[in-house]
Structure formats: structure tokens, C-alpha cells
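# Chains, contacts and geometry: an overview
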Amino acid sequence: MTATEPVLAPGESVAASLAQRLRGPVTTIGALGLTTLALAVRDPHVSGSWGMCPSLAFFGGPARPAEACAVNDLTHLDVVGALSSNLYFVLLMPAAAFLLGRWLVDSTRGVQRSPAWMESRAVWWTLGVTLAVFTLARNLPMGHWLYP
């Protein structure tokens, strides 16, 4: 048996197994797709279009462009606007897209694997700390340079 052959339980059909394996990635990708479509249709840059901005609710100051605005900008091919809305989020999107695609392909093949970097504490601490610093910096007066 090779590493890419699915492992079936006794009495389990290949079709049922495939449907079960694809449920997670297909549901996740579908939800992200619908969210992206909603953000493309209804502009989050317009005040009140999606309710209160989380940054406004949390920090109590003027709302800063966030992830929703970055997604809207990207759906309208405004890469510069997306980068100014949330640089960190946009820079992580290719990695997230790759990981989602890999999850889908691995699920189709019946392969379950966890890359070594995902088990590295250093990677998760680095992502967490840089995200926290970026989030704090962009919402403080000194973070004005993060926006055009």
C-alpha cells in the first residue's frame, strides 16, 4: 500500500469514505467563498454596511480598515487598497490558500499528514506575536504609517 491510497474501515465504501473526508475542506472553502462573495457585493468600507467594526468596538476609536475591507479590495483587484487595509492579513492569504488546497487534495487522496512546521512552537509563537504587535500598532497613533 502506498502513502496516497485511502485506508478504509471494514465494510466502508470508497464513495462514502471520500464524502466523509471531503466534508471538512469543502465546507470550509465553501463558507470562505460565500463570505468573499458577500464582501464583494456589500462594501464594508461604507459605514454601517456590516454593523459595527470590531476595531471600533474593541478600541473605541475611529474604525480602521480591517480584514473585510482587504477582502473587498482584492475582489475588486485593488491590491494596494487591500495591503493598506490589512497588510498582515493579505500577506498570509497565499499561505492560507495553499494550505486549504493541500487539505482538499490530501482529503481526496485519503492522506492525513501534518507538516513539521505546523508542529513547531517557534512558528506558532512567531505568528502569534507578530499578529499581536501588528494589531496593536495599527490601532495606535504611531501606526498611521500602516495606512496610506
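## Considerations on the pattern of salt bridges
Counting across every chain of the model gives one salt bridge. Asp106 is the partner of Arg102 in a salt bridge, and the nearest nitrogen-oxygen pair spans 3.7 Å. Separated by four residues within a single helix, Arg102 and Asp106 lie in helix H5 (residues 87-109), roughly one turn from each other. Taking relative accessible area as the criterion, Arg102 reaches 22% and is therefore assigned partly exposed. On the basis of relative accessible area, Asp106 is assigned to the buried category, the value being 7%.

## Here we look at the environment of Glu67
Of note, Glu67 is situated in helix H3 (residues 67-75). On the basis of relative accessibility, which here comes to 34%, the residue Glu67 falls in the partly exposed class. A sequence separation of 23 residues divides Glu67 from Val90, and the C-alpha atoms of the two residues are 8.2 Å apart. Among the polar contacts listed, one links the side chain of Glu67 to the side chain of Asn86, at a separation of 2.7 Å.

## Topic: helix H6 (residues 121-138)
Quick reminder: α-helices carry 3.6 residues per turn. Residues three or four places apart thus point the same way. Here H6 spans 26 Å end to end across 18 residues, near enough to the 26 Å set by a 1.5 Å rise per residue. What H6 keeps buried is the set Phe134, Ala137 and Arg138. All buried residues of H6 project into a common sector of 90° when viewed along the axis, lining one side. Turned more than 90 degrees away from the buried face of H6 sit Arg121 and Trp125, all of them exposed. As for H6, its buried residues are in contact with H3, helix H4 (79-85) and H5.

## Details of the packing of H3 against H5
Relative orientation of the contacting elements H3 and H5 amounts to 60°, with a least axis distance of 9 Å. Relative to H5, H3 is oriented oblique. Remark: the crossing between H3 and H5 carries right-handed chirality. Between H3 and H5, the contacting residues are Glu67, Ala70, Val71 and Leu74 on the first element and Phe89, Val90 and Met93 on the second. Here the contact of H3 with H5 is composed, by residue class, of six nonpolar, no polar and one charged.

## Focus: H5
With 23 residues, H5 extends 34 Å between its outermost C-alpha atoms, agreeing within 8% with the 33 Å of an ideal straight helix rising 1.5 Å per residue. Met93 marks where H5 bends most, by close to 35°; the proline Pro94 follows one to four residues later. Every buried residue of H5 is accounted for by Tyr88, Val90, Leu100, Asp106 and Ser107. Two to three positions downstream of the cap, the backbone nitrogen of Tyr88 sits 3.3 Å from a side-chain oxygen, assigning the N-cap of H5 to Asn86.

## Considerations on unusual backbone geometry
Positive phi values are uncommon outside glycine, yet Leu77 reaches one of about 60°. Positionally, Leu77 belongs in the loop between H3 and H4.

Conventions adopted
- Residues numbered from 1 in each chain as written.
- Predicted model: local features only at pLDDT ≥ 70, side-chain atom pairs only at ≥ 80, totals over all residues.
- Heavy atoms only, no water.
- Salt bridge = Lys/Arg side-chain N within 4 Å of Asp/Glu carboxyl O.
- Helix = DSSP H or I, 4+ residues; strand = E, 2+ residues; numbered from the N terminus.
- Buried < 20%, exposed > 50% of the residue type's maximum accessible area, 1.4 Å probe, protein only.
- Polar contact = N/O pair within 3.5 Å; in protein donor to acceptor, adjacent residues only side chain to side chain.
- Expected span 1.5 Å × (residues − 1).
- Arc of directions from axis to C-beta.
- Contact = heavy atoms within 4.5 Å.
- Axes fitted to C-alpha atoms, helices over the stretch in contact; angles between N-to-C directions.
- Parallel < 35°, antiparallel > 145°, perpendicular 65-115°, else oblique.
- Left-handed = near helix turned anticlockwise from the far one by under 90°.
- Nonpolar A, V, L, I, M, F, W, Y, C, P; charged D, E, K, R; others polar.
- Bend = angle between axes of the 7 residues up to and from the residue.

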